[in-house]
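# Structural description and commentary
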Amino acid sequence: MKINGNYKNLQESYLFSDIAHKVAAFCVRHPGREILKMGIGDVTLPLAPAVVSAMERAVAEQGDKATFRGYGPEQGYPFLREAIRAYYGTFGVFVDADEIFVSDGAKSDLGNILDIFAADNTVLIPDPVYPVYVDTNRMAGRRIVFAEGNEENGFLPMPDEKVAADIIYICSPNNPTGAAYTARQLQAWVDYANRQGAVILYDAAYESFIFGRGPARSIYEAEGAKECAIEFCSFSKTAGFTCTRCGYTVVPLALKREGVSLNKMWLRRQTTKFNGVSYIVQRGAEAAFSAAGREQIKENISVYRANARAIADALDGAGIWYTGGKNSPYVWLRCAGASDSFAFFDRLLEETGIVGTPGAGFGKNGEGYLRLTAFADEETVKKACRKLRAFFS
Ligand SMILES: *Cc1c(COP(=O)(O)O)cnc(C)c1O
């Protein structure tokens, strides 16, 4: 028996446990001082009432012999796939219900999709970014090249014709930087992918934080994307489903490689290895798209968006360079006056009690930056903004 030796190439992920230790040590040093938690990318507001009552009704159905259900369709119940299809239509993107796969979340699908690709593909991953893309590919032993995000490109790297890639990750709005591509910029990525015969894996987990015109809501706003892109989305950050669990992935019927439909491959993979999402949760997800659900969720997102805006305003006042702060729950700021992002994290915690996330945890290009999240209550953010102003003055 041989283990998968690729696991030896994973970097130990101490980031969030390191942070927890530093915060615990701070509390011991300064008993009674307030901690302002803006570090972890997890929602803080509860499920929308429309979602809760839909799930309560579904639980009651499952307790009644007349309406009880056993195994469900692996791809998701038609009622939810239809609701997702209609939702795409609200921002002018047309997808077929057969192209939509309901899952327990974007992270699972982003990792599992790699099952349908050979191990000897070269993968292009933005740096800095959500660490799951790098780790899932390292586990399979794939060659990784990086698309460099930096201040010059506003942490939105564009394609480089000299770089050959088979699988391309794009995260927009980006975690951790909050930067988001316009449809025109995505068009350049789609054209590049189609020229290379590559497949784009587009992570739209923060799509619902985009209000009005500006950034794109979906990769399918670019022409030719149905021939090269798979899109991942989630109810986690949108509707507070990080514990409840539900997401969806779009694999276009037009997406073929070596004469094989990737939609059919993914269907085969999911029907073999995935049991689907519980009926109760899918009814909750469906309710997130109802008129009442949409209104309630929008209120929650507005709270996070206002928090992000307040942090950005405080940084504007202090003259600190940052990205994000709009169309995203994240603000990504330059670690002014510190040698590296961990030293900056320590100083900020010591002087203000604010807990952020050191940028180095998101890739080499994250060094020198810190992520603050807007997933906190308004009071915490108001206090943090006052402290940030004092800290930088
Ligand atoms: C939070 C997050 C996800 C995970 O979504 P789940 O549906 O909870 O698995 C995926 N991508 C990015 C960029 C995220 O920040």
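Presented here is an overview of the structure given in this document. Residues take numbers from 1 onward in each chain, read along the sequence in its written order. Where totals are concerned, whole chains, interfaces and linings use all residues; where local detail is concerned, this predicted model gives features only for residues with pLDDT of at least 70, and gives and counts side-chain atom pairs only at 80 or more. Neither water nor hydrogens contribute to the side-chain values; these are computed over all heavy atoms in the structure.

### Concerning the sheet that holds strand E7 (residues 229–234)
Rule in force here: At least two DSSP bridges between two strands are required for those strands to pair. Secondary structure counts use DSSP, requiring at least four H or I residues in a row for a helix and at least two E residues in a row for a strand, with both numbered from the N terminus. Under this scheme, a helix contributes an axis fitted over its contacting stretch, all axes are lines through C-alpha atoms, and angles between N-to-C directions fall in the 0 to 180 degree range.
Pairing is mixed across the open sheet formed by 7 strands, whose spatial order is E2-E8-E7-E6-E5-E3-E4. Taken across any chain shown, the strands that pair with only one partner, and hence form the sheet edges, are strand E2 (100–103) and strand E4 (143–148). Taken over all neighbouring pairs, the strand axes of this sheet differ in orientation by 20° on average, direction set aside. Pairing analysis gives 6 bridges linking strand E3 (residues 122–127) to E4, with the strands arranged parallel. Note on E4: the bridge partner recorded for valine 123 is isoleucine 144.

### Remarks on the site of the ligand
To keep things clear, this is the line we draw: In this text, near means that some heavy atom of the residue lies within 4 Å of the molecule or strand in question. Here the open area of atoms and residues is found with the Shrake-Rupley method and a 1.4 Å probe, where only the protein chains shown may cover a residue. Just so you know the grouping, Ala, Val, Leu, Ile, Met, Phe, Trp, Tyr, Cys and Pro go in nonpolar, Asp, Glu, Lys and Arg go in charged, and all remaining residues, Gly too, go in polar.
Inspection of the region around the ligand gives 13 residues, with Asp203, Tyr206, Ser234, Ser236 and Lys237 positioned closest. Computed on the free molecule, the ligand has an accessible area of 390 Å², of which 93% lies beneath the protein chains in the complex. Only helix H4 (106–112) and helix H7 (236–239) provide two or more residues apiece to the shell around the ligand. Here the residues of the shell around the ligand are counted per class, giving 5 nonpolar, 4 polar and 4 charged.

### Some details on the packing of helix H3 (residues 78–90) against helix H9 (residues 279–288)
Applied cut-off: Any angle from 65 to 115 degrees is called roughly perpendicular, while one under 35 is roughly parallel, one over 145 is roughly antiparallel, and all others are oblique. Crossing chirality is assigned from the near helix's rotation relative to the far helix, an anticlockwise turn below a right angle marking it left-handed and a clockwise turn marking it right-handed. Throughout, a contact is declared for two residues whenever any of their heavy atoms are within 4.5 Å.
Interhelical geometry of H3 versus H9 gives an angle of 25° and a closest axis separation of 9 Å. Here H3 lies roughly parallel to H9, going by the angle between them. In terms of crossing hand, the pair formed by H3 and H9 is left-handed. Mapping the contact onto sequence places Phe79, Leu80 and Ala83 in H3 and Tyr279, Gln282, Arg283, Ala285 and Glu286 in H9. A breakdown of the residues in the contact of H3 with H9 according to their chemical character gives 5 nonpolar, 1 polar and 2 charged.

### Re the pattern of salt bridges
Spelled out, the test is: Any Lys or Arg side-chain nitrogen found within 4 Å of a carboxyl oxygen on Asp or Glu counts as a salt bridge. Think of it in three bands: residues with accessible area under 20% of the maximum for their type are buried, residues over 50% are exposed, and the middle band is partly exposed, with areas taken using a 1.4 Å probe on protein chains only.
All chains considered together, the criterion is met by 17 salt bridges. Of the charged contacts in the structure, one is a salt bridge between aspartate 160 and lysine 162, with a shortest N-O distance of 3.5 Å. For aspartate 160, a relative accessible area of 32% gives the class partly exposed. Linking arginine 283 and glutamate 286 is a salt bridge whose minimum nitrogen-to-oxygen distance equals 2.8 Å. Taken together, the residues span about one helical turn, with arginine 283 and glutamate 286 both in helix H9 at a distance of 3 residues.

### Digging into unusual backbone geometry
Following aspartate 127, the chain continues to proline 128 via a peptide bond in cis, the omega torsion being 5°. Looking at the secondary structure, you find proline 128 in the loop between E3 and helix H5 (132–139). Between serine 172 and the following residue, proline 173, the backbone shows a cis peptide bond with an omega angle of -10°. Relative to the helices and strands, proline 173 resides in the loop between strand E5 (167–171) and helix H6 (183–196). A positive phi angle is found at arginine 245, which is not glycine, with a value near 75°. Within the element layout of this structure, arginine 245 appears in the loop between H7 and strand E8 (247–250). Classification of arginine 245 as partly exposed rests on a relative accessible area of 30%.

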